[in-house]
Amino acid sequence: MTVAGRHIAIIAPPTAGHLNPLVALGTSLVAAGHRVTLVHMADVAAMLPRGDVAFAPLDHPADRQGLLAEHYRKLAQPSGPVGLPRMIRSTAAMTELLLAALPATLTRLGVDAVVADSVEPAGALVARHLGLPFVTAITGLPLLREPMIPPPFLGWAYRADALGRNRNNGGYAVSDLLMRPVTRIVTTYAQLWGLDPDPQQQWSDRLQIAQCPAGLDFPRTALPPSFRYGARGASTNPWTTSPKATADR
């Protein structure tokens with residue numbers, strides 16, 4: 001298949017704030033001559049507008065009716081000693097379902113490239129497992145870590161001094177601890193497939209495209225060359241061979 005006619009799969013969390021921007025991106029990719037399919041559990045189909053972006057269910061025994069509604073109920077109470085761990089466990093279970101089902105589904109669909117939402121690690125990991133090129137889509141604030149950048153989900157102000165750096169390090173350490181249910185599942189599948197489980201590997205070296213403009217982000221000094229803000233397009237075609245061509249891209 002030519003670069004101008006790829007079949008691109010979109011892999012994202014099953015929430016409107018992630019799906020809607022990526023459907024808009026997918027519509028532009030269809031206009032550019034690609035075929036685009038959003039792949040997720042069957043209940044997600046009802047959330048998508050009619051248009052040029054197709055939908056394909058996972059077709060997996062664990063993908064049962066009502067699973068999405070159960071997930072939403074757990075997301076609706078994300079705080080407290082019960083609500084937060086329950087939400088993270090549900091998120092981990094969603095990632096596990098995608099990791100179990102996506103390889104067969106993407107192969108069956110004939111997908112040959114992936115747009116992977118940055119907060120759903122299954123998209124990038126499965127793309128690497130199948131040897132597919134992928135780009136990273138960032139539908140919120142970038143979660144790329146820098147010492148002076150506070151975790152964006154904590155609401156901390158930017159502070160470019162030692163106190164700010166130490167505070168940020170503590171925030172990331174707590175975040176890593178809380179997210180261990182997700183990390184364990186991703187690490188298990190990465191090792192099963194012979195891939196590096198380092199979280200940095202989920203970020204594409206072809207293109208990382210953020211929905212937000214630079215003015216809404218914190219001041220950054222270490223963005224990778226493949227990163228683009230807002231409506232600024234990539235200077236090179238992300239679907240061509242990457243300079244960092246590795247077996248586990």
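Residues numbered from 1 in each chain as written. Predicted model: local features only at pLDDT ≥ 70, side-chain atom pairs only at ≥ 80, totals over all residues. Heavy atoms only, no water.

Asker: Got a minute to help me understand the overall build of the protein in this structure?
Answerer: Helix and strand counts for the protein stand at 6 helices and 7 strands. Reading the helices (α) and strands (β) of the protein from amino to carboxyl end gives β-α-β-β-α-α-β-α-β-α-α-β-β. For the protein, the residues scored as buried account for 45% of the 249 residues in total. Sequence-distant contacts in the protein: of pairs separated by 6 or more residues, those separated by 24 or more amount to 62%. Looking at the protein as shown, the accessible area adds up to about 12,300 Å², and 58% of this sits on carbon and sulfur atoms. (Helix = DSSP H or I, 4+ residues; strand = E, 2+ residues; numbered from the N terminus. Buried < 20%, exposed > 50% of the residue type's maximum accessible area, 1.4 Å probe, protein only. Contact = heavy atoms within 4.5 Å. Areas by Shrake-Rupley, 256 points an atom, 1.4 Å probe, with all protein chains shown as cover.)

Asker: Even after reading the chapter, I still don't get the nonpolar core, so can you show me in this structure?
Answerer: Grouped burial of nonpolar side chains is what soluble globular proteins tend to show. If you look at the biggest cluster of nonpolar residues, it comprises 54 residues, and the most contacted ones within it are Val39, Leu102, Leu106 and Val114. Beyond its immediate chain neighbours, meaning those up to four positions away, valine 39 contacts Ala9, Ile10, Ile11, Ala56, Leu58, Leu102, Thr105, Leu106 and Leu109. Within the second largest apolar cluster, 7 residues are counted, among which are Ile138, Leu144, Cys212 and Tyr229. (Core = buried A, V, L, I, M, F, W, Y, C linked by side-chain atoms within 4.5 Å.)

Asker: I'm lost on unusual backbone geometry in this one. Help?
Answerer: A negative phi holds for most residues other than glycine; trans holds for most peptide bonds. One non-glycine residue, aspartate 59, lies in positive phi territory at about 55°. Checked against the element boundaries, aspartate 59 lands in the loop between strand 3 (54-57) and helix 2 (67-75).

Asker: Help me understand helix 5 (residues 162-178), please; the structure alone is not making it clear to me.
Answerer: Three- or four-residue spacings in an α-helix give side chains the same orientation, since the helix completes a turn every 3.6 residues. Compared with an ideal rise of 1.5 Å per residue, which puts 17 residues at 24 Å, helix 5 spans 25 Å between its outermost C-alpha atoms and is within 8% of the ideal. Taken together, the buried positions of helix 5 are occupied by Gly164, Asn168, Gly171, Tyr172 and Ser175. The arc enclosing the buried residues of helix 5, seen along the axis, measures out at 95°, which places them on a common side. Projecting away from the buried face of helix 5 at angles above 90 degrees are the exposed residues Leu163, Asn166 and Leu177. (Expected span 1.5 Å × (residues − 1). Arc of directions from axis to C-beta.)

Asker: Just to check I follow, could you spell out the sheet that holds strand 7 (residues 227-228) for this structure?
Answerer: In a beta sheet, neighbouring strands pair by backbone hydrogen bonds and run either parallel or antiparallel. A sheet is described by the order of its strands in space; here 7 strands give the open sequence 3-2-1-4-5-6-7, paired in parallel fashion. Single-partner strands in this sheet number two, and they are strand 3 and strand 7. Taken together, the 4 bridges between strand 1 (residues 7-11) and strand 2 (residues 35-40) define a ladder with parallel strand orientation. Among the inter-strand pairings, isoleucine 10 is bridged to a residue of strand 2, identified as leucine 38. Seen against the sheet, helix 4 (residues 121-130) touches strand 1, strand 4 (113-117) and strand 5 (134-138) and runs at an angle of roughly 155° to strand 4. (Pairing = 2+ DSSP bridges. Axes fitted to C-alpha atoms, helices over the stretch in contact; angles between N-to-C directions.)

Asker: Hey, could you run me through the pattern of salt bridges in this one?
Answerer: Oppositely charged side chains are able to pair whenever their charged atoms sit close together. According to the stated counting rule, one finds 5 salt bridges in the structure shown. Residues arginine 145 and aspartate 176 are paired through a salt bridge, measuring 2.5 Å at the closest nitrogen-oxygen approach. Here arginine 145 is found in the loop between strand 5 and helix 5, whereas its partner aspartate 176 is found in helix 5, with 31 residues between them in sequence. With relative accessibility at 43%, the residue arginine 145 sits in the partly exposed group. For glutamate 146, the salt bridge identified is with arginine 220, shortest N-O distance 3.8 Å. With glutamate 146 in the loop between strand 5 and helix 5 and arginine 220 in the loop between strand 6 (208-210) and strand 7, the pair connects residues that are 74 residues apart, well separated along the chain. Of the two residues examined, glutamate 146 and arginine 220, each falls in the buried class. Salt bridges sharing common partners tie together Glu146, Asp217 and Arg220. (Salt bridge = Lys/Arg side-chain N within 4 Å of Asp/Glu carboxyl O.)

Asker: Can you help me understand a nonpolar patch on the surface in this one?
Answerer: A cluster of nonpolar side chains, namely Val119, Leu143, Phe153 and Leu154, defines an oily patch on the protein surface of about 330 Å² accessible area. Tracing the backbone through its elements, the reader meets phenylalanine 153 in the loop between strand 5 and helix 5. (Patch = residues over 30% accessible without salt bridge, like charges linked within 9 Å, V, L, I, M, F, W, Y side chains within 5 Å.)

Asker: Explanation requested: the packing of aromatic side chains in the structure shown.
Answerer: To describe a pair of aromatic rings, one takes the distance between the centres and the angle between the planes. Evaluation of the coordinates by the stated rule reveals 3 aromatic pairs. Here tyrosine 189 and tryptophan 193 contribute two aromatic rings whose centre-to-centre distance is 5.3 Å and whose plane-to-plane angle is 65°, an arrangement assigned as edge-to-face. On the basis of relative accessible area, tryptophan 193 is assigned to the buried category, the value being 18%. With a centroid separation of 4.7 Å and an interplanar angle of 80°, the aromatic rings of phenylalanine 227 and tyrosine 229 are classed as edge-to-face. Residue phenylalanine 227 is classed as buried on the basis of its relative accessible area of 7%. When its relative accessible area of 12% is taken as the criterion, tyrosine 229 is described as buried. (Phe/Tyr/Trp six-rings, centres within 6.5 Å; stacked < 30°, edge-to-face > 60°.)

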